[in-house]
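Descriptive structure summary
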Amino acid sequence: ATLIYKIFSWMNLTRPPVVENESTYTTRIAVLLIAPALILILMWYYYPLLRGSLMAFQNYSVVGGSTWVGIDNFSDVLFDAQFWLSLKNAVYFCALWMIMGFLPPVFLAVMLQEIPVGKIFFRVLFYLPAVVTGVVILFMWRKIYDPSPDGILNKILAIVHIKPQTWLDDPRMAMICLVFPLAWAGMGPGCIIYLAALKGIPDELYEASDIDGASFFGKLRYIVLPYLKPLLVINAVGAFVFGFKSGEAVIATTGGGPDFATHVTGYEIWQRTFLYLQFGHGTAMAWILGVLLLAFTAYQLKILNKVEFRTANR
């Protein structure tokens, strides 16, 4: 109680504020409100980040002492063929995600805006997969990808006289089959965001384009995409980062197989750190990947600074 009283006394909350100190009083109230969240962020994000930066330069041991090895962990990782293979697979996963998970919601939002009837029904229909937990989605699609002739997809292929496929067991198809359920589940939320942005486009532009005889794709190119460009750049950063954070999906579905076809960097970091207990190598990999993502994010934000934000009235 004494500690709380002292905090409130320092924040000037035990007496009403005077007019000339109103801004100071408001600032202290704001600091008090954000303090719990700030403490939790420092405790659970930045403190582990600092500890991890030290582990990257150590031969870290859970039991016993850890020895300082300098940049040996980074040099070992940079000359590790397994790391570069996982990074190559991560780039492939990210490229598939940008194609299947980032672009389709834009066109789906345009379609849902143009549909004449049943807009609410279709919006709810496309959003429902996002309600289910991602791990549940992946396990559900593992059943759908059953490679046996009795699998759901193989039964559908049998109707059109196509031979059964092995899906996740095929190195050529495994990555595509891994990305598709994630894109399917994430299409609804992305579509809703773009739908909200499309409401900010003035109707006068569509009317003028109709008078000029613009086609659907002309409206999409010269009206919709320019107005959505700031949102597209922001979402592109998030989609790119998500594409490299694909370790959870691999753990839940393929385990890096078959033949290392889905062995991405996130899974390699998890495997090195928690299976082989090579904390130094795993942390070094995480830092290398983090620097690459920071560089791309900085580049995207530089582009965003040049983008003109518009509203429906301006």
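Given the structure is predicted, the values throughout are model-derived calculations rather than measurements.

Right, let's get into the overall build of the protein. On a plain count of helices and strands, the protein comes out with 14 helices and two strands. In the protein, buried positions account for 36% of the 314 residues. When the accessible area of the protein is evaluated, it comes to approximately 19,500 Å², of which 69% is carbon and sulfur surface.

The tendency in soluble globular proteins is for nonpolar side chains to be buried side by side. Judged by nonpolar contacts, the single largest core of 50 residues is most densely connected at Phe93, Tyr194, Leu198, Val224, Leu228, Phe244 and Val264. Within the residue set of this core, elements represented by two or more residues are helix H3 (72-78), helix H4 (81-102), helix H5 (104-114), helix H9 (174-198), helix H11 (216-244), helix H12 (247-252), helix H13 (265-275) and helix H14 (279-305). The element that contributes the greatest number of residues to this core is H9, accounting for 10 residues. Apart from residues lying up to four places away in sequence, leucine 198 is in contact with Ala109, Val110, Gln113, Val224 and Leu228. Grouped together as the second largest cluster of nonpolar side chains are 10 residues, Tyr145, Leu157, Trp167 and Leu168 included.

A few words on the pattern of salt bridges. Side-chain pairs of opposite charge can arise whenever the charged atoms involved come near each other. Scanning the entire structure with this criterion turns up four salt bridges. A salt bridge links arginine 172 to aspartate 170; its shortest N-O distance comes to 3.4 Å. Residue arginine 172 is classed as exposed on the basis of its relative accessible area of 68%. Overall, aspartate 170 belongs to the buried group, its relative accessible area being 9%. Its salt-bridge partner being aspartate 210, residue lysine 219 comes within 2.5 Å of it at the nearest N-O pair.

By the element assignment, glutamine 58 lies in strand S1 (residues 58-59). Here glutamine 58 falls in the buried class, since its relative accessible area comes to 17%. Setting aside anything within four residues of it in sequence, one finds glutamine 58 in contact with Ser66, Thr67, Trp68, Val69, Asn73 and Gly280.

A separate point is the environment of threonine 297. Checked against the element boundaries, threonine 297 lands in helix H14. Looking at threonine 297, the relative accessible area reads 18%, which means it is buried. Residues threonine 297 and phenylalanine 240, 57 residues apart in the sequence, show an inter-C-alpha distance of 8.7 Å. The contact partners of threonine 297, leaving out residues within four places of it in the chain, are Val237 and Val241.

Quick look at the confidence of the model for the protein now. Averaged over every residue, the pLDDT of the protein is 84; residues scoring 70 or more account for 90%. The spread of mean pLDDT over the elements of the protein runs between helix H1 (residues 2-10), the lowest at 57, and H4, the highest at 93.

Before going further, it helps to examine the packing of aromatic side chains. Two aromatic rings, taken as a pair, are described by how far apart their centres are and by the angle between their planes. Within this structure, the stated rule accounts for 12 aromatic pairs. An angle of 15° between the planes, with centres 5.9 Å apart, marks the rings of phenylalanine 57 and tryptophan 68 as stacked. Here phenylalanine 57, found in the loop between helix H2 (22-55) and S1, pairs with tryptophan 68, found in strand S2 (residues 67-68); they are 11 residues apart in sequence, far enough to count as distant. On the basis of relative accessible area, phenylalanine 57 is assigned to the partly exposed category, the value being 27%. One aromatic cluster is present, built from ring pairs that chain together Trp141, Tyr145, Trp167, Phe180 and Trp184.

Below, the discussion takes up the environment of leucine 96. On the secondary structure map, leucine 96 appears in helix H4. Setting aside residues up to four positions removed in sequence, leucine 96 forms contacts with Gly101, Met175, Ile176 and Val179.

This next bit is on the packing of H5 against H11. One can describe the packing of H5 onto H11 by two numbers: an axis separation of 12 Å at closest approach and a directional angle of 120°. On the basis of the axis angle, H5 is oblique to H11. Crossing geometry of H5 relative to H11 is assigned as right-handed. Contacts from Val106, Phe107, Val110, Met111 and Glu114 of H5 reach H11 at Phe216, Leu220, Val224, Leu228 and Leu232. Classifying every residue of the contact of H5 with H11 gives nine nonpolar, no polar and one charged.

Rules of the game
Residues numbered from 1 in each chain as written. Predicted model: local features only at pLDDT ≥ 70, side-chain atom pairs only at ≥ 80, totals over all residues. Heavy atoms only, no water. Helix = DSSP H or I, 4+ residues; strand = E, 2+ residues; numbered from the N terminus. Buried < 20%, exposed > 50% of the residue type's maximum accessible area, 1.4 Å probe, protein only. Areas by Shrake-Rupley, 256 points an atom, 1.4 Å probe, with all protein chains shown as cover. Core = buried A, V, L, I, M, F, W, Y, C linked by side-chain atoms within 4.5 Å. Contact = heavy atoms within 4.5 Å. Salt bridge = Lys/Arg side-chain N within 4 Å of Asp/Glu carboxyl O. pLDDT = per-residue confidence, 0-100. Phe/Tyr/Trp six-rings, centres within 6.5 Å; stacked < 30°, edge-to-face > 60°. Axes fitted to C-alpha atoms, helices over the stretch in contact; angles between N-to-C directions. Parallel < 35°, antiparallel > 145°, perpendicular 65-115°, else oblique. Left-handed = near helix turned anticlockwise from the far one by under 90°. Nonpolar A, V, L, I, M, F, W, Y, C, P; charged D, E, K, R; others polar.

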